[in-house]
Amino acid sequence: QKWREGEVVFITDWQFPQASAREAKKKLEQLGFNEEKGLLWLTVREDYPLILSLRNLPKVRLVKLQRLNLMHLLRSDGVVIPESVLDKMLEVWGK
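A.B. asks: Sorry if this is basic, but what is going on with the environment of Leu-73 here?
C.D. replies: Following the sequence through the fold, Leu-73 ends up in helix 3 (residues 70-74). Since its relative accessible area comes to 30%, Leu-73 is described here as partly exposed. Each C-alpha atom, one on Leu-73 and one on Leu-39, is 9.3 Å from the other, the two residues being 34 residues apart in sequence.

Set out below in structure tokens:
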């Protein structure tokens, strides 16, 4: 359902040289997400500038791919899948 409604977004990996919730919010708005929607952001590694940038956004939940479960997907209005996560998904689950 989320796929059909355009609520799953694939992006290139974002690099934050320093933590900035303001910058993260601006980038999410460019993707079409706003503060009213609950957003699930998948990751495969500890990226501290990204973690620090997203943790201050109230409706954004950062989850490592290894810990992803069905409830995470059901409770979110949208999903952001960076390129590195997609590569890992294909590696683990196949094409």
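Here the narrative resumes, following the displayed structure.
A.B. asks: Honestly, the environment of Glu-46 in this entry has me stumped. Any pointers?
C.D. replies: As for its position among the elements, Glu-46 is in the loop between strand 2 (39-43) and helix 2 (48-54). Residue Glu-46 is classed as partly exposed on the basis of its relative accessible area of 44%. As a C-alpha pair, Glu-46 and Lys-64 span 18 residues in sequence and 8.6 Å in three-dimensional space. Not counting residues within four places of it along the chain, the set of residues in contact with Glu-46 comprises Ile-51 and Lys-64.

A.B. asks: Whenever I open this one, helix 4 (residues 83-93) confuses me. Can you help?
C.D. replies: Because the α-helix completes a turn every 3.6 residues, residues three or four places apart line up on one side. Residues of helix 4 that are buried include every one of Ser-84, Val-85 and Met-89, and no others. Down the axis, helix 4 shows its buried residues gathered within 140° of arc, on one side only. Residues of helix 4 that are buried make contact with strand 2 and strand 4 (78-82).

Quick notes on the rules
Numbers given to residues run from 1 along each chain, matching the order in which its sequence is written. Where totals are concerned, whole chains, interfaces and linings use all residues; where local detail is concerned, this predicted model gives features only for residues with pLDDT of at least 70, and gives and counts side-chain atom pairs only at 80 or more. Only hydrogens and water are set aside; all other atoms, that is, all heavy atoms of the structure, feed into the side-chain values. The helix and strand labels rest on DSSP assignments: H or I over at least four residues marks a helix, E over at least two residues marks a strand, and numbering proceeds from the N terminus. Summary of the burial criterion: residues with accessible area below 20% of their type's maximum are buried, those above 50% are exposed, and those between are partly exposed, where the area comes from a 1.4 Å probe applied to protein chains only. We call two residues in contact whenever any of their non-hydrogen atoms come within 4.5 Å of each other. For this quantity, the arc is that covered by the directions from the helix axis to the C-beta atoms.

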